[in-house]
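Understanding the architecture of this molecule
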Amino acid sequence: MTDSIVLCRPDDWHLHLRDGAMLAAVTPFSAGFGRAIIMPNLVPPVVTGAQAAAYRDRIRAALPETAALVPQMTLYLTDSTDPADVTAAHEAGIIRAVKLYPAGATTNSASGVTDFDRVRPVLEAMAGAGIPLCVHGEVTDPAVDIFDREAVFIDRVLDPIRRKTPGLRVVMEHITTSEGVAYARSGGDDLGATITTHHLVINRNAILAGGIRPHYYCLPVAKRETHRLALREAATSGEARFFLGTDSAPHPDSAKLQPCGCAGCFTAPNTMSILAHVFEDEDALDRLEAFASLNGAAFYGLPPNEDRIRLTRRETPAAYPATIAAGDETVTVFDPGFPLYWHLEDA
Ligand SMILES: NC(=O)N[C@@H](CC(=O)O)C(=O)O
Ligand SMILES: [Zn+2]
Ligand SMILES: [Zn+2]
C-alpha cells in the first residue's frame, strides 16, 4: 500500500475568505495552497478593480509570513459592470477572473446579474482579453426544483452564453451533477469545471436523512448518489478540464444553525486529507496531483507551483479542529464522516 505521496503544491480555484474577523480567522487555513481564486461575494461585493486591489491587500495582511498563498482576485459581475474597468484591472494584474452569480442564486448574490443581455459588452471584452468567466451555474426561477437548477441553468443560460460569445473562457464552478460533468466534457479547452471536496464525499442524504444537518447544506445543494459518483469519476479521471475548487465557505454557526440557515461548508482545514482519502478509495492517488495541482493552473495559463507537499498515510488519524473561533463566533469545520489517515506535511 502506498503510504506517502509527493505533489506539486496544490491550488484552490474557488475559495471564500470573507472579510474582517472572519478573514483573519480562516485565511491561515488556506495558506498552504499555492494560489487561490478568491470569491468576490462580500457585503457589499467586490465590483471594481480598485476594490479588488484593496481586498487583496487585506488578504495579504491576514496571511502568516510563511504562507505560500498568492490570492488571485475576481470581480463580481453586475448589470452595470464597466467593460473598461474589467480589462484595465486584468491588464494591471489585479484580477484573474470575473465571477457571474445569477441574482439571488446563492449567499450574498443580491447584486448579481438579472439580465444576461446587459452584460454582453463585458463578456465580449473578456473574450477578447482572455479573461475567464467563473460561473455559479444555477437558475433562480422559483418554479424550478432546487435539485434541477444546475441542469436547467446549463440548457437555459450557460450554453446560450457560450454560443453567443465565441472565445469566452468559462469555468463551471462547483459542479454537482452528471449533467454538469457531461456538459464540461462537451467543451474544448475553453471550458473547465471545478469540483469541491465536499461534493465528492456527501450526497443529499447527508443533509436530510435522520434529521436536518445544516453543516452539510451548501449551494449548489448536494444531489443524489449517482451524481456524487459521477463527480468522483470526473475528479479522478485526470482529465485537464476538471480541477479543485474547494468552495470552502465559512459561516458563523450562529448564521448556519437557524430556521433559515446560510449555505456553505468550511473545508479549508482538512481538504487535502479528505481528497487523499477519496482518491485512494478510487484507486487514483496517482491522479490527485492532476486534479489538485496541475489542471487548474494549466486552465488559467499558469505554470504549476514549483515547491511540493507530502501526504503521508499514518495509523493515527490527522487531527483537525471541529470548530474554529472567528472573533466572537465559532465556525464548524466540515466533518467528512470518516477518520482522515492522510496527513499533510512539507515535502
Ligand atoms: N457554496 C455555498 O454554499 N456558499 C457560498 C456561495 C457559493 O459559492 O455559491 C458562500 O459564499 O457562502
Ligand atoms: Zn457558488
Ligand atoms: Zn463558492
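Residues numbered from 1 in each chain as written. Chains lettered and ligands numbered in written order. Predicted model: local features only at pLDDT ≥ 70, side-chain atom pairs only at ≥ 80, totals over all residues.

**Quick word on the overall build of the protein chain**
In terms of helices and strands, the protein chain carries eleven helices and 13 strands. Expected size for 347 residues packed as a compact globule is a radius of gyration near 20 Å; at 19 Å, the protein chain falls within 12% of this value. C-alpha atoms of the protein chain, sized along the principal axes, occupy 55 × 45 × 45 Å. Relative to its 347 residues, the protein chain shows a buried fraction of 48%. (Helix = DSSP H or I, 4+ residues; strand = E, 2+ residues; numbered from the N terminus. Rg over C-alpha atoms; globule rule 2.2 N^0.38 Å. Buried ≥ 20, exposed ≤ 12 C-beta atoms within 10 Å, placed from the backbone.)

**Quick notes on the environment of Val113**
Structurally, the position occupied by Val113 is in the loop between strand S5 (95–100) and helix H4 (120–129). Sequence separation between Val113 and Thr81 is 32 residues; the distance between their C-alpha atoms is 9.7 Å. Once you skip the residues sitting within four places of it in the chain, Val113 turns out to touch Leu77, Thr78, Asp79, Leu100, Pro102, Ala103 and Val119. (Contact = placed C-beta atoms within 7 Å.)

**Quick notes on the site of ligand 1**
Residues in contact with ligand 1, as listed here, are His16, Asn41, Thr106, Thr107, Asn108, His136, Cys218, Leu219, Asp247, Ala249, Ala263 and Gly264. Of the residues in the shell around ligand 1, the class split is four nonpolar, seven polar and one charged. (Near = placed C-beta within 6 Å. Nonpolar A, V, L, I, M, F, W, Y, C, P; charged D, E, K, R; others polar.)

**Quick notes on helix H8 (residues 225–235)**
One turn of an α-helix holds 3.6 residues; hence residues three or four places apart share an orientation. Within H8, burial applies to His227, Arg228, Leu231, Ala234 and Ala235. Along H8, the residues classed as buried sweep out an arc of 125° about the axis, all on the same side. More than 90 degrees from the buried face of H8, the exposed residues found are Glu225 and Thr226. Against helix H6 (178–186), strand S8 (191–195), strand S9 (242–244) and helix H11 (288–299) lie the buried residues of H8. (Arc of directions from axis to C-beta.)

**Quick look at the sheet that holds strand S13 (residues 342–346)**
Pairing between the strands of a sheet comes from backbone hydrogen bonds, and it takes one of two forms, parallel or antiparallel. A sheet is described by the order of its strands in space; here three strands give the open sequence S1-S10-S13, paired in antiparallel fashion. The open sheet terminates on both sides in strands that have one partner only, identified here as strand S1 (4–8) and S13. Neighbour-to-neighbour, the strand axes of the sheet open up by a mean angle of 25°, direction not taken into account. Pairing geometry for S1 and strand S10 (residues 308–313), over five bridges, is antiparallel. Within S10, the position partnered with Val6 by the bridge is Arg310. (Pairing = 2+ DSSP bridges. Axes fitted to C-alpha atoms, helices over the stretch in contact; angles between N-to-C directions.)

**Section: the UniProt feature "binding site: substrate" (unreviewed entry) in the protein chain**
Taken from the UniProt record, the annotation "binding site: substrate" (unreviewed entry) applies to His16, Leu17, Arg18, Asn41, His136, Leu219, His251 and Ala263. Along the chain, His16 turns up in the loop between strand S2 (12–15) and helix H1 (20–26). Tracing the backbone shows Leu219 in the loop between helix H7 (205–208) and H8. Contact partners of Leu219, with chain neighbours within four places excluded, come to Thr106, Glu138 and Ala263. (UniProt positions renumbered as here; feature names shortened; annotations may be inferred.)

**A look at the nonpolar core**
The biggest cluster of nonpolar side chains holds 95 residues, and the ones touching the most others in it are Leu75 and Ile195. Excluding anything up to four places from it in sequence, Ile195 contacts Ile175, Leu200, Leu231, Ala234, Ala235, Phe242 and Leu244. (Core = buried A, V, L, I, M, F, W, Y, C linked by C-beta atoms within 7 Å.)

**Let's talk about the sheet that holds strand S3 (residues 35–38)**
The sheet built from eight strands is open, its strands ordered S2-S3-S4-S5-S6-S7-S8-S9 with parallel pairing. Each end of this open sheet is capped by a strand with a single partner; those strands are S2 and S9. Here the average twist between neighbouring strands, direction ignored, is 30°. In terms of strand pairing, strand S7 (residues 170–172) meets S8 through three bridges, oriented parallel. Counterpart to Met172 in the pairing with S8 is Ala193. Across the sheet, H6 is in contact with S7, S8 and S9; its angle to S8 comes to roughly 150°.

**What to know about unusual backbone geometry**
At the junction of Val43 and Pro44, the peptide bond is cis and its omega measures out at -5° in the coordinates. For the bond running from Leu219 to Pro220, omega is -10°, close enough to zero to count as cis. Summarising the element assignment, Pro220 is placed in the loop between H7 and H8. One non-glycine residue, His174, lies in the positive phi region at around 35°. Along the polypeptide, His174 turns up in the loop between S7 and H6. Residues other than glycine seldom take positive phi values, yet Asp247 does so here, at roughly 55°.

**Some thoughts on the confidence of the model for the protein chain**
Here the protein chain averages 97 in pLDDT, while 99% of its residues score no lower than 70. Scored as a whole, the predicted complex attains pTM 0.98, and scored at its interfaces, ipTM 0.99. (pLDDT = per-residue confidence, 0-100.)

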